[in-house]
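Structural overview
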Amino acid sequence: MLAISERVPGYGRTPDQLIWHKPVGPVVEEFQPIACSEEGIVFPWPKREVPLRLDKPDESWCADCLLLIRSKSTTEQ
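These lines cover the structure that appears in this document, whether it is placed above or below. All figures in this text were calculated on a predicted structure; none of them were measured in a lab.

Of all hydrophobic cores here, the largest spans seven residues; its members are Ala3, Leu18, Trp20, Val50, Trp61, Leu66 and Ile69. Ignoring anything within four residues of it in the chain, the contact list for Leu66 reads Leu52 and Trp61.

So, in structure tokens, the structure goes:
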């Protein structure tokens, strides 16, 4: 699945979290719209192909984006 990342800083001894979002449309003036929010991501990292099942520590899919991805794939079947 094509995705962009958002780094959420950890606090204290908690490691930073890498959250993956489903991008919507192209980057416009350094702003990437995402499926779960109107706020989007400013200065996004490049889009990457990311598996739905993540196995690296401290990374996860945005719950709302994952729900949208799964609901879309069920309606297409």
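Below, the discussion takes up the sheet that holds strand β5 (residues 48-49). By definition, the strands of a sheet pair up through backbone hydrogen bonds, in either a parallel or an antiparallel sense. Here four strands make up an open sheet; going across it, the order is β5-β1-β2-β6 and the pairing mixed. Where the open sheet ends on each side, the last strands, each with one partner, are β5 and β6 (59-61).

This part is about the side chain of Gln32. Structurally, Gln32 can be placed in strand β3 (residues 31-34). The exposure class assigned to Gln32 is buried, which follows from its relative accessible area of 0%. Looking at Gln32, its side chain comes within polar contact range of the main-chain oxygen of Gly25, at 3.1 Å. Leave out the neighbours within four places in its chain, and Gln32 touches Ile4, Pro23, Val24, Gly25, Pro26, Val27, Gly40, Ile41, Pro44 and Lys47.

Criteria and cut-off values
Residues numbered from 1 in each chain as written. Predicted model: local features only at pLDDT ≥ 70, side-chain atom pairs only at ≥ 80, totals over all residues. Heavy atoms only, no water. Core = buried A, V, L, I, M, F, W, Y, C linked by side-chain atoms within 4.5 Å. Buried < 20%, exposed > 50% of the residue type's maximum accessible area, 1.4 Å probe, protein only. Contact = heavy atoms within 4.5 Å. Pairing = 2+ DSSP bridges. Helix = DSSP H or I, 4+ residues; strand = E, 2+ residues; numbered from the N terminus. Polar contact = N/O pair within 3.5 Å; in protein donor to acceptor, adjacent residues only side chain to side chain.

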